Structures are given as structure tokens and as C-alpha cells.
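Listed here are the chains, written in short residue letters.
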2 protein chains.
Amino acid sequence: MKTLNLGLLGLGTVGGGVANIVNNNAHDIEARSGVPVCIKKALVRDIDMEKARHDFGLSMVETITTDVDDILNDPEIDIVVEVMGGVDIAYQYILRALHNRKHVVTANKDLLAVHGTELFALAAQKGLDLGFEASVAGGIPIIAALQQNLAANRIESVLGIINGTTNYILSAMTSQKRTFQEVLAEAQELGYAEANPASDVGGLDAARKLAIMSSLAFNCQVALDDVYVEGIDNITPEDIAYAAELDCVIKLLAIAGRSRPGDGRPEGVTVKVHPTLLPVNHPLASVDGVFNAVYVVGDAVGETMFYGQGAGSLPTGSAIVADIIQTARRIITSTTGTLSPQYYNTIPIVPLDQQTTGFYIRLKVIDEPRVFANLALFFAEADISFASIIQKPRRNNRAEVVFITHPCQEGQMRKALTALESYPKLEKVYNIIRIENE
Amino acid sequence: MKTLNLGLLGLGTVGGGVANIVNNNAHDIEARSGVPVCIKKALVRDIDMEKARHDFGLSMVETITTDVDDILNDPEIDIVVEVMGGVDIAYQYILRALHNRKHVVTANKDLLAVHGTELFALAAQKGLDLGFEASVAGGIPIIAALQQNLAANRIESVLGIINGTTNYILSAMTSQKRTFQEVLAEAQELGYAEANPASDVGGLDAARKLAIMSSLAFNCQVALDDVYVEGIDNITPEDIAYAAELDCVIKLLAIAGRSRPGDGRPEGVTVKVHPTLLPVNHPLASVDGVFNAVYVVGDAVGETMFYGQGAGSLPTGSAIVADIIQTARRIITSTTGTLSPQYYNTIPIVPLDQQTTGFYIRLKVIDEPRVFANLALFFAEADISFASIIQKPRRNNRAEVVFITHPCQEGQMRKALTALESYPKLEKVYNIIRIENE
């Protein structure tokens, strides 16, 4: 191979990052991959020569095209880099690329969450690489860690802050004591949140990434539907202040766990995304702003954490170009297609009701004698005990009570809450937030 | 290949960890490597059947030997795992293993710091793997990160807390306000420090690891002698308290940096190990106790950090077995020997005098009029300016002064200090500690 030719599907934020890295670090990339790497064609929606020249220099102008066939049908293109986003069209293009015997590198977790299994199988069958390091946590090499570097371990848990938008919002709410709506509006102005932020703030984006990570961690297929999801839109500055009183911060965590034989938990894996009270001394607690981090516990390695920027042009480009370099090496050694995800385990998903966690429960009650005792009884009857309780008087004969429970099953909590609903002295359940305290 | 046979040189702390992982996680290791992995022989100094049976079960008893030829001359052994430590004998054994066409995995940074270049070249020439992930930062996959996962980047800096002993000592001195000597004695009792702690507390151990990391980060050969080294034995609780006043902690950092074209710094790399004032909000600042972490800045990925246990039986074993699994895959695909370190750059080491850093300087002076002004003049004459100053009265007409300088060249500081030496009102230079504030 004289040159490794790339075809970029998309030249937006991430595609532009890839182009800049390939151009700026050409010398290192050639030395490390064993071959010069060159962008032969880049698919764009509209050709804007002026912008292309400005952003990438003259050389890129000659490569841009609006016709995907210029890439998918070009026999000289070795790797198709899918950075266009979206699901359906990207899926069709990747399928065609694989059928035309092109390796693929993608940053598209939405697509992998839906079509990953089929595409990985097709790539493996054809001896092609399908790189996806950039699909989770941007520049952080967590895919490589789970697939290769921690391969000696039985992975016990994966805890991730893997959505920059929600982490930015929660960090700003915490440091500036502002509301979710205020900070979201600001994040949208700054470009840290999308105009339609639903999939970020609702937890779906993190759930997609967790499905990918947990499938690799446990070597079993975890589907997006297996992941329990709650977003951060009901978190208030009051909850954050109570968390601080309890030496905790509130983070949107993506959590995957696997029971150990004989540990008393139901056999299987748990996969969930929800706001979480996290002790301030946990390594993830100080991961703020748009940074991401993934905390992995393995039976041999113990606690590890991988930290970095989870999105953005160059960090995501870094992961994509690392995949390109790996594929270049494998092309040279004729070993492409040897590193597809291995799903040799079939492990049940533990039903939510049987999962165990501590809870933070914030209630508003009528402040009368016996009310507190009665409240406590609802939980006692569901066998739930408390680690701590905060009660504060409020105006108009109302009291605000925060219960922190010892770990209990979600089913027990549901039972207690259902019973509580009928209690006339309860005026409002402000919030129920899970606690990570393993 | 029906089975991948390992020969262990050593069955102590790390060798025992490898044996336990290979035995406990046999199913996962086979699935992930593509072949059953088995310990065929393990070299020990004295055969203690009782201990072997107790630690590893009956199967291991049959494998232990005191004769290294049982491993090096056994044609069925595919990978020699060197976990005996020391330099000279380990070097001879690894040489023989490579000449006998065996792949090698080693955790031995002492050996690599001295003989690495020769051994890597020999392995590459023979198409053999020489895995060394475990040689730096135990279970943290920092070798893979620098060699593969961050390969799209021009690495700008590597900052590591990569010696558990010194980090334990500094963390305990900080949280318990105790002296170096007290905490060192305790660390020795607890097994966190060696009976002869010189190479840990003096910084040599970290320097060896930094030589390995910086060679990979910059793709140029950095020798141990290139690394400037200072240990932590002169750090006092007073220094730590002043650092806290300045919102800093004191850590033993291994620091490698590379100038960017046009950034005004002398062209080249800097490699140094020394105690460092680090702002409390730096991701490395909260890495405490025996944990290690390596913070890497790349031009594309930006800031990243890799965190975990840097030593110990199972964490180090995790890295070794990851290397074994990678080599197994490469044996199966006939691609061993394709991932040796690439030293395609020749980059000068910037002389210490031309390196730039901020300084913390703690002095004891006679508390008289004009003394402070005179002190400031010594620095002004070397063109050094201050970011902050703390002055506290002491008994007997003495004052203690702490200067925090803006970044200046080491040569300027040397000039100022030489001039200061002749100042009769200066009674003592307690300490001079560099500041990391990039």
C-alpha cells in the first residue's frame, strides 16, 4: 500500500476535526501507521468552496463532493469515515461501504445502538474493520480499555459521566446555585446543548453509550431497551444543596454492574442511567463541566478511571484517527476484522424491582404531631431503613423531610411509595434520587 | 495452536497475581485471546510445595521449578513472563528467551530503563512481542494509551503520579500533618515502602518510568540519565501547610513536556521528576494514597487522565495478562513483533537552566528593616517577579518568608540563589519547590 485513502462522510464539526488532525499531524500519523494517510474525498451537503478553503486549505477543496458514490464506489478508498450522524442514511452508506470491501470508522452511537450487531457481524464476516472508539466518550479510549487493556479482568462495574451536556448543566447548577431551566438556556446559547436537548437531558444519549460499553464489558449483547433511563430535568437547586449537606454531588451516571457469584445479588447485569447522589470523595465527583470520565472496576485491576473530553471536533477526531491508524496497521499485516466485539456470554438483565440501591427522598408534609412517625412507618413496613434524615421547618405549617435510605430493592421502594401516596398528610414528593455508594 | 503456554520467571507478589488471574479468569481469557492460556512452568528460588499448594492449588505444584532451563529450553513454552525483578539476571534470561524464539512479557522498568533499546530491537528483529504495559503505573494502561490510543496526537505533556510509595507518604503527611520520617516508618511497617526506600523516595523509580513513557510519547529515545531527579525527603509539614494556603498540594510528579513550534520555549523535550506544588483543582491533585495517575495532553485530544492502582499483585497482573492476551491474538494472526516502540524522532533535551517553571521558596531571615526589600532585590536582579508572598513573624527576631514566583528560567533562579547565599541576613533556605501551573 502506497497511501491509505480515506473517504469522509461528513465534514462538519467532527469531520472537520478529522481533516485537521490528518493534515496537521501527517508526519506522526504516517510514522505510527506505517503508511501516508490522505483524505481522498469528503462528502458534504452543499459545496462551499470558500468555507472549505478557509477551514482546510486548498488541498481539501479538490476533495469535497456532494455525491456519495464518489466515495463508496471509488476502489482506491480504503476506509470510509462516517461522521455525518443520523441513523437511516448513515446505516445505508455503511452497509454499502462494507459490501464494497471498505473498512469503516464511525463516531455514531445512535446508529450502533440500533444497527451495531448487524454491522459488526457483517464487517467480521468480510474481514473488515469497523472502528467505533469515538462513539463513546469522545477522546477517552474507553472502547480500547474495555476490549483490550482490561481484558484480563472480569469487569464488575462501569460508571460513566458520558454526556457532556448534562454534566455541564449539573456542574453549573451546583457551582452557581441556578435552576435547570436557566442553565439549559445558557448551555443552548453557548452551544453546549442542542436546540432540542431531549435526548441529552432525558438520558437517552448516555443510555446508547452505556449499551455499547456494557456489551463490551460483559461480552454480552445489551440492547438499548435493556437500559433503564431517567433524565435530569427534575433536579432542583434544593436537591443539590441537600446533596452537599450529605457530602455528595448529583451527577447523571450511566451505571452497569454485574453480580459476582455468591455476592447475594440476583445473577445478571444491571444497566441504568439516572441522576445519582455520589460521595464527594468518589473519583467521578470532581469531573465537571463538559469533561467525561468512565470509572471501571475489574476483579484484578481494581478501581480505574479514564478522563477526558467527551465531545468536540478534535477530541472526537483523536479517537477516529486512532482507529484509522490501527486499521492501517492491520491492513499492512493483513489482520483486519480480527477485533470485533465478542458476545460469548448470555447474561440476564436483572429486573429493576430486584436491583438494589440507596435512595434520597425529599417530601413536603403537613407539620403535625405523629406525621413524622407515620412517614417512617410506611418505609418500615417495606423493610426500608434510614442512613440519615434531614427535617427542616417550612412556612405555613409545612415541613420538608429528606430521607436517605440504606440500600434496598427498587421493588421495596416502589411498595413504600405506593402506600405513601394515600397518606393525606403528604403534600408532595419533590424528588427521589438514587445513591451510588458501592 | 492448541494451548498458549506460559513460563513464569518468578512467583512472588506479581507472579502470584498473574497465576491467580490466569486460573480464576481462564474462561474469559480463552474467549478473549482465542486460545486456552496455561502456566506450564514457574521458576522459584526455593521449592515450597506447601506454600504453592496453599496459594495456587495443586495444579501449580506440578509447574514450579528452580531450574530456569525448564522454561527457557522448553520448546512448548510460547511466552516467558519475567516477574522476578532485578536487572542483570533478568536481562540474561530475557535475552535467552528471545534467542529461543519466545515472546516476552515483563513488568521490569529497572531493566527496561537500562536494556530496553537493545531488547526491543532484538524482539522486533526476530518478529517477537516484548510486552511491557506493567512496567509503568501497574494496572493503568498508559503504555497502550501512548503507543496506540492517543496515536493521532502530537503529545505535548505527560504528568504522572507514578510512584505509590511517595504518593502514600505525601498524602499521609498532608492529611495527618505528620513528618516525612514518621510516615516513612509507618509505610515501611505497612509494606507500602521498601526496607531500603532510596529509589522510591529519591525519585529514581519514577524517573525510570518517565524515561519509558516519554520515549513513547515523543517517539524519541529518552535515557534515564536525561531525566532530572529530585526526591521528597526534604518536604516538611510546613511546606505542605504553605501549599494549602496557596490552594495547592505537594505531589512527586514525573513531568515530560515538548515545546510547540513558535511557543517561545527552547526547542526540545524536558523530562524531570521532582516534588511539585499543584493547584488543588488539577485532576491529579486528588490522586491520593497508593493510587497512580497519568495526565496526558495531546494537541487533538486535549487533557486526558488515566487513573488506577500503580502496583500490587493483581493490578500489575492485570496489565501482564492483557499483554499475554494481545500476544496470543498476534500469534494466532502471525503478526507478533509489529508493535515495538518507534523512535523516529531525534529531539534535544532542553538543558535544565533553560527550562521554565514557577518556584516556591521558603526562607528564614533576620527580621530587620530593609531585609525584605533587599531580599526582593536579589530576585529582581535576576529578572524574577512574584505571584504572591507570605511573610510570618517567628520568634527571636526571625521571620519566615515564602515567595511564589512567576514562571522563570531555572538558570535565572540559580543566579538569584547564588547571589542570595552571600546575604548575611539570610539564615536558612528551608526549601525550594517547583510549581506546575500550565
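Up top is the structure these notes are about.
What this report covers is the structure whose coordinates are included nearby. Given the structure is predicted, the values throughout are model-derived calculations rather than measurements. (Residues numbered from 1 in each chain as written. Chains lettered and ligands numbered in written order. Predicted model: local features only at pLDDT ≥ 70, side-chain atom pairs only at ≥ 80, totals over all residues. Heavy atoms only, no water.)

Assigned secondary structure in chain A consists of 16 helices and 17 strands. Computed over the C-alpha atoms, the radius of gyration of chain A is 24 Å, within 12% of the 22 Å expected from 2.2 N^0.38 for a compact globule of 438 residues. Its C-alpha atoms give chain A principal-axis dimensions of about 85 × 50 × 35 Å. Looking at chain A as a whole, 58% of its 438 residues qualify as buried. (Helix = DSSP H or I, 4+ residues; strand = E, 2+ residues; numbered from the N terminus. Rg over C-alpha atoms; globule rule 2.2 N^0.38 Å. Buried < 20%, exposed > 50% of the residue type's maximum accessible area, 1.4 Å probe, protein only.)

This part is about the sheet that holds strand 3 (residues 64-65) of chain A. Residues and elements named next belong to chain A. Read from one edge of the open sheet, six strands run 3-2-1-4-5-6, paired in parallel fashion. Each of the sheet's edge strands pairs with one partner strand only, and the pair in question is strand 3 and strand 6 (130-131). Relative to strand 5 (residues 103-106), helix 14 (residues 313-332) is tilted by about 160°, and along the sheet it contacts strand 1 (4-9), strand 2 (37-43), strand 4 (79-82), strand 5 and strand 6. (Pairing = 2+ DSSP bridges. Contact = heavy atoms within 4.5 Å. Axes fitted to C-alpha atoms, helices over the stretch in contact; angles between N-to-C directions.)

Residue and element names in this part refer to chain A. In this structure, the second largest pocket occupies an estimated 1100 Å³ of space. Forming the boundary of the second largest pocket are 39 residues, of which Val14, Lys109, Glu194, Ala311 and Gly312 lie nearest the centre. Elements represented by at least two residues in the lining of the second largest pocket include exactly helix 1 (13-24), helix 7 (109-125), helix 9 (164-176), helix 11 (198-201), helix 12 (204-218) and helix 14. Here the lining of the second largest pocket gets three residues from one element, more than from any other, and that element is helix 12. (1 Å grid on protein atoms, 1.4 Å probe; cavity = no way out; pocket = protein on both sides within 12 Å on 5 of 7 lines; lining within 4 Å. Points joined across faces, edges and corners; volume = space filled by probe spheres on them.)

This brings us to the nonpolar core. The nonpolar side chains of soluble globular proteins are, as a tendency, buried together. Of all hydrophobic cores here, the largest spans 167 residues; its most connected members are Ile142(A), Ile169(A), Ile142(B) and Ile169(B). Apart from residues lying up to four places away in sequence, Ile169(A) is in contact with Phe180(A), Val183(A), Leu184(A), Ala187(A), Val201(A) and Ile232(A). (Core = buried A, V, L, I, M, F, W, Y, C linked by side-chain atoms within 4.5 Å.)

Further remarks concern the sheet that holds strand 6 (residues 130-131) of chain B. Residue and element names in this part refer to chain B. The six strands lie next to each other as 3-2-1-4-5-6, forming an open sheet whose pairing is parallel. Two strands close off the open sheet at either side, each with one partner strand: strand 3 (64-65) and strand 6. In the sheet, strand 5 (residues 103-106) pairs with strand 6 via two bridges, with the strands oriented parallel. Within strand 6, the residue paired with Val104 across the bridge is Leu130.

The subject of this paragraph is the pattern of salt bridges. Where charged atoms of side chains with opposite charge meet at close range, the side chains can pair. Residue and element names in this part refer to chain A. Tallied over the full model, the rule gives 42 salt bridges over all chains. For Arg434, the salt bridge identified is with Glu230, shortest N-O distance 2.9 Å. On the criterion of sequence distance, the pair formed by Arg434 in strand 17 (residues 426-435) and Glu230 in the loop between strand 8 (228-229) and helix 13 (237-245) is long-range, its members being 204 residues apart. Among the residues examined, Arg434 registers a relative accessible area of 6% and is labelled buried. The partner of Arg265 in a salt bridge is Asp263, and the shortest N-O contact between them spans 2.8 Å. For Arg265, a relative accessible area of 33% translates into the label partly exposed. Several salt bridges share partner residues, and in doing so they unite Lys40, Asp74 and Glu76 into one network. (Salt bridge = Lys/Arg side-chain N within 4 Å of Asp/Glu carboxyl O.)

Take the relation of the copies chain A and chain B next. For the match of chain A to chain B, the screw axis carries a shift of 0.0 Å, the RMSD comes to 0.0 Å, and the turn is 180°. With respect to symmetry, the two chain copies, as superposed, fit the operation of a two-fold axis. By C-alpha distance to the rotation axis, the residue of chain A lying nearest is Phe306(A), at 2.4 Å. Same-surface contact between copies: 100% of interface residues of chain A are shared with the interface of chain B. (Least-squares fit on C-alpha atoms with pLDDT ≥ 70 in both.)

On to the interface of chain A and chain B. With 48 residues of chain A in contact, the opposing surface of chain B contributes 48 residues. Summed over the three residues of chain A that lose the most area to chain B, namely Arg32(A), Ala152(A) and Tyr307(A), the buried surface amounts to 16% of that side. If you look at where chain A meets chain B, you find zero salt bridges. Put simply, chain A and chain B have 20 residue pairs in polar contact (both at pLDDT 80 or more) between them. (Buried area = accessible area lost by both parts, 1.4 Å probe. Polar contact = N/O pair within 3.5 Å; in protein donor to acceptor, adjacent residues only side chain to side chain.)

Residue and element names in this part refer to chain A. Taken as a whole and judged by the stated rule, the model has 17 aromatic pairs over all chains. Judged by centre distance (5.2 Å) and plane angle (50°), the ring pair of Phe379 and Phe403 falls under tilted. Residue Phe379 is located in helix 15 (residues 371-381), and its partner Phe403 is located in strand 15 (residues 398-405); the two are separated by 24 residues in the primary sequence. Neither Phe379 nor Phe403 differs from the other in exposure class; each is buried. One aromatic cluster in this structure is built from Phe372, Phe379, Phe386 and Phe403. The ring of Tyr430 has Arg362 sitting right over it, with the charged end atom 4.2 Å from the ring centre. (Phe/Tyr/Trp six-rings, centres within 6.5 Å; stacked < 30°, edge-to-face > 60°. Lys NZ or Arg CZ within 6 Å of the ring centre and 35° of its normal.)

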